[in-house]
Structures are given as C-alpha cells and as structure tokens.
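Descriptive structure summary
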Amino acid sequence: MSLFNFKKILLAGALSFASITSFANTKVGVVDMADILNSEPQTESANKRLQAEFGARKDQLDNDQKTLQADVERLQKDGDTMTADQSKTLQESIRVRQRDSKRRYDDLAEDYRKRDADEQATLRTSVRKALEAVATEMGLDVILSGNGDVLFASKRVQVTEQVKAKLAQLAK
C-alpha cells in the first residue's frame, strides 16, 4: 500500500469519526411532504383559484365538443339523405371545428400548466418558509422528508466548503 493511499484512508477515518461525534449533537426532524401538500390550506386555495380561472373556459370547450359530436352523428345518420352541398358544407364545418377545438384544448392545457407551475412555486416557497420557521423554533439542524431528501439544513451542518477544501487537498 502506498503512502498516498494510507493517508487517504487515515483522512477518511478521521472525517468519519468527526462526523459521528458531531452527529450525536445534531437534531433531526422528519416531515411527511405528501401529507403536508395534500392537507395544506394553500393547496386547496390554489386548486380553487385554478378552477375559477379555467373552469368556465373548459366548460365552454366541452359544450362545443358536444355540439361538434352531435353534428358528426347527424352527418353519419343523415348524410345519405342530404344534398351534396349540404353534406360537403357540414363536413367542412366539422373539420374546421375539430381543428379549432384541438387547438383551443391544447391552449387551455398549456395555460393551465403554466398557472399550475406558478401556484406550485408559491406553495413551495410557503412550505420552505414554514420548514425554516419550525427548524428555528425547535432548534433543528436538519429536516428530512419521509424518503430521506434533505428539506432544510442549518449552517451548522453545512459542510460543502470543507468537502471542497479536502478534495483540493487530495488532488495535490
């Protein structure tokens, strides 16, 4: 074993020991984010705002789609008894309205996605602020989600700069 590898092993052992002893004084909280997001009043408010903003537009599109479907069924049922001009006019009308309907549904979906993303960003900001406040009030160093993601880490447990410094040392 080379001297360089032995130094690496000693350094890793020292860091592990230091981490274990400092972890003993670390206060950790765990949060069920799914429960918070599903039960948070802001989530319900956001859903109501989106429904108010897009509900009438979607209802109008759905009604237009029903009218279009009725014309398609009428063409299928009565197409043989219509004059050629009537049939051609109805077919053209259906084709134009189908294209328009698809475009309007796509526009609605895109607008909804954008607004939903805005609402989600606002919600994430609220949750982050609440996490920071709870961590401060309870003296927590780390808050984890139920699946282990770090949601909050105090400056006391942030070691990014120390790891960068060690990596720089090891690179020499």
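Shown above is the structure to which this text applies.
Presented here is a report on the structure given in the accompanying data block. (Residues numbered from 1 in each chain as written. Predicted model: local features only at pLDDT ≥ 70, side-chain atom pairs only at ≥ 80, totals over all residues. Heavy atoms only, no water.)

1. Topic: the overall build of the protein
What counts is decided by this rule: Runs of E in the DSSP output that reach at least two residues are strands. Runs of H or I that reach at least four are helices, and both are numbered from the N terminus. Only protein chains enter the accessibility calculation, which uses a 1.4 Å probe. A residue is then buried if its area is under 20% of the maximum for its type, exposed if over 50%, and partly exposed in between. Throughout, a residue-residue contact means that at least one pair of heavy atoms, one from each residue, lies within 4.5 Å. Residue exposure ignores everything except the shown protein chains as possible cover, and the areas themselves are Shrake-Rupley values with a 1.4 Å probe.
Tallying secondary structure elements over the protein gives five helices and three strands in all. Each helix (α) and strand (β) of the protein, taken in turn from the N terminus, gives the series α-β-α-α-α-β-β-α. Across the 172 residues that make up the protein, the buried fraction comes to 20%. Of the contacts made within the protein by residues no fewer than 6 positions apart, 66% connect residues no fewer than 24 positions apart. Surface accessibility of the protein: about 12700 Å² in total, with carbon and sulfur atoms responsible for 57%.

2. Concerning the pattern of salt bridges
The criterion, for reference: Salt bridges are defined as contacts in which a side-chain nitrogen from Lys or Arg sits within 4 Å of a carboxyl oxygen from Asp or Glu.
Tallied over the full model, the rule gives 18 salt bridges. Where Lys58 meets Asp62, a salt bridge forms, and the shortest distance between an N and an O atom there is 2.8 Å. With Lys58 and Asp62 both in helix H3 (residues 41-78), this residue pair falls four residues apart, about one helical turn. Judged by relative accessible area, Lys58 falls into the partly exposed class, the value being 40%. The closest approach of N and O atoms between Asp106 and Lys102, which form a salt bridge, is 2.8 Å. In this pair, Asp106 and Lys102 are both assigned in helix H4 (residues 84-138), four residues apart and thus about one turn of the helix distant. We classify Asp106 as partly exposed; its relative accessible area is 40%. In the salt-bridge network here, residues are joined through shared partners; they are Asp64, Asp100, Arg103, Arg104 and Asp107.

3. Here we look at the pairing of strand S2 (residues 142-145)
To keep it simple, the criterion reads: At least two bridges found by DSSP between two strands are what make those strands a pair.
Summarising the sheet, strand S1 (residues 28-31) and S2 pair through four bridges and their orientation is parallel. Among the inter-strand pairings, Gly29 is bridged to a residue of S2, identified as Ile143. Linking two consecutive strands that pair antiparallel, namely S2 and strand S3 (residues 150-153), is a turn of four residues; a positive phi of about 95 degrees is found at Gly148 within it.

4. A few points about the packing of aromatic side chains
We apply this condition: In this analysis, rings of Phe, Tyr and Trp, with Trp reduced to its six-membered ring, are considered paired at centre separations within 6.5 Å, and the interplanar angle assigns stacked below 30 degrees, edge-to-face beyond 60, and tilted for intermediate values.
Within the structure shown, the criterion is met by one aromatic pair. Ring geometry for Phe54 versus Tyr112: centroids 5.4 Å apart, planes at 65 degrees, classification edge-to-face. Here Phe54, found in helix H3, pairs with Tyr112, found in helix H4; they are 58 residues apart in sequence, far enough to count as distant. For Tyr112, a relative accessible area of 35% puts it in the partly exposed group.

5. Here's the deal with the nonpolar core
Here is the rule: Definition used in this section: a nonpolar core is a set of buried Ala, Val, Leu, Ile, Met, Phe, Trp, Tyr and Cys residues joined via side-chain atoms within 4.5 Å.
By size, the foremost hydrophobic cluster in this structure holds nine residues: Val31, Met33, Leu123, Val127, Leu131, Ala135, Leu140, Ile143 and Phe152. Val72, Leu75, Met82 and Ile94 belong to the second largest nonpolar core, which has six residues in total.

6. What about the side chain of Ser154?
Along the chain, Ser154 turns up in the loop between S3 and helix H5 (160-171). Look past the residues within four positions of Ser154 in its chain and what remains in contact with it is Leu140 and Asp141.

7. What about the sheet that holds S3?
Counted only if it meets this: In this description, a line fitted to the C-alpha atoms serves as the axis of each element, helices being fitted only across the stretch in contact, and the angle between N-to-C directions of two axes falls anywhere from 0 to 180 degrees.
If you walk across this open sheet you meet the three strands as S1-S2-S3, and the pairing is mixed. Two strands bound the open sheet, and with one partner strand each, they are S1 and S3. Each adjacent strand pair in this sheet contributes to an overall mean axis angle of 15 degrees, direction not counted. In this sheet, S3 lies alongside S2 in antiparallel orientation, the contact comprising three bridges. Considered in S3, the bridge of Val142 is made with Ala153. Sitting on the sheet, H4 is in contact with S1, S2 and S3, with an inclination near 50 degrees to S3.

Structural measurements only, silent on function.
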